[in-house]
Amino acid sequence: MNEIMVGELREFKEGDYRVLKVEDFEFGIYRQGDRLFAYENQCPHDGGPVCQGKVIPRVEEVLGPDQKSRGLRFSERRNIVCPWHGWEFDLESGRHCGDPKYRLRPVNVRLEDNRVYVKLPA
Ligand code: FES
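Residues numbered from 1 in each chain as written. Predicted model: local features only at pLDDT ≥ 70, side-chain atom pairs only at ≥ 80, totals over all residues. Heavy atoms only, no water.

Engineer: So, the sheet that holds strand β9 (residues 115–120): which residues are in play, and what are the values?
Structural biologist: Here we have three strands laid out as an open sheet, ordered β1-β9-β8, and antiparallel in their pairing. Among the strands making up the open sheet, the edge pair consists of β1 (2–8) and β8 (109–112). The sheet shows a mean angle of 30° between the axes of neighbouring strands, taken without regard to direction. Sheet analysis places β8 next to β9, joined by four bridges and oriented antiparallel. Along β9, the bridge assignment pairs Glu 112 with Arg 115. (Pairing = 2+ DSSP bridges. Helix = DSSP H or I, 4+ residues; strand = E, 2+ residues; numbered from the N terminus. Axes fitted to C-alpha atoms, helices over the stretch in contact; angles between N-to-C directions.)

Engineer: I'd like a rundown of the nonpolar core, residues and numbers included.
Structural biologist: Counting 14 residues, the largest nonpolar core has Val 6, Phe 27, Ile 29, Val 109, Val 116 and Val 118 as its most contacted members. Counting residues per element, the ones that place at least two in this core are β3 (25–32), β4 (35–40) and β9. Among all residues touching Ile 29, those that are not within four sequence positions of it are Val 6, Phe 12, Asp 16, Tyr 17, Arg 18, Leu 20, Leu 36, Phe 37, Ala 38, Val 109, Val 116 and Val 118. (Core = buried A, V, L, I, M, F, W, Y, C linked by side-chain atoms within 4.5 Å. Buried < 20%, exposed > 50% of the residue type's maximum accessible area, 1.4 Å probe, protein only. Contact = heavy atoms within 4.5 Å.)

Engineer: Break down a nonpolar patch on the surface for me, with residues and values.
Structural biologist: Residues Val 59, Leu 72 and Phe 74 make up a contiguous nonpolar surface patch of about 360 Å² in total accessible area. Positionally, Val 59 belongs in strand β5 (residues 55–63). On the basis of relative accessible area, Val 59 is assigned to the partly exposed category, the value being 49%. (Patch = residues over 30% accessible without salt bridge, like charges linked within 9 Å, V, L, I, M, F, W, Y side chains within 5 Å. Areas by Shrake-Rupley, 256 points an atom, 1.4 Å probe, with all protein chains shown as cover. Salt bridge = Lys/Arg side-chain N within 4 Å of Asp/Glu carboxyl O.)

Just distances and angles here, no functional claims.
This is how it looks when you write it as structure tokens:
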């Protein structure tokens with residue numbers, strides 16, 4: 001596996017993402033604080049460019065002690081929304097929000113000396 005430097009941390013704005021292509025390999029890198037997450041830009045549903053979709057706060061249902069709904073609220077967690085058919089994936093795990101057997105293919109990303117490195121598949 002080749003590891004390459006794809007930029008400095010300051011180039012990845014907090015809460016934002018970038019889609020990069022190295023040779024034929026396309027992937028998205030997401031920044032949450034000082035944490036980075038990266039996924040191959042191919043949706044497990046039908047191959048769409050999932051990393052080019054919007055990133056939105058997750059909506060959670062608030063349950064009372066009687067387990068009845070008290071309404072909806074935005075969570076701290078965020079989802080990546082595939083632009084083709086709207087499937088949503090948890091940004092931090094890559095798992096589909098409704099069916100965890102579907103997940104984005106993770107890309108190994110790491111930070112060293114404020115530089116971002118990615119391992120490319122062989
Ligand atoms: S290809 Fe991503 S939701 Fe269908």
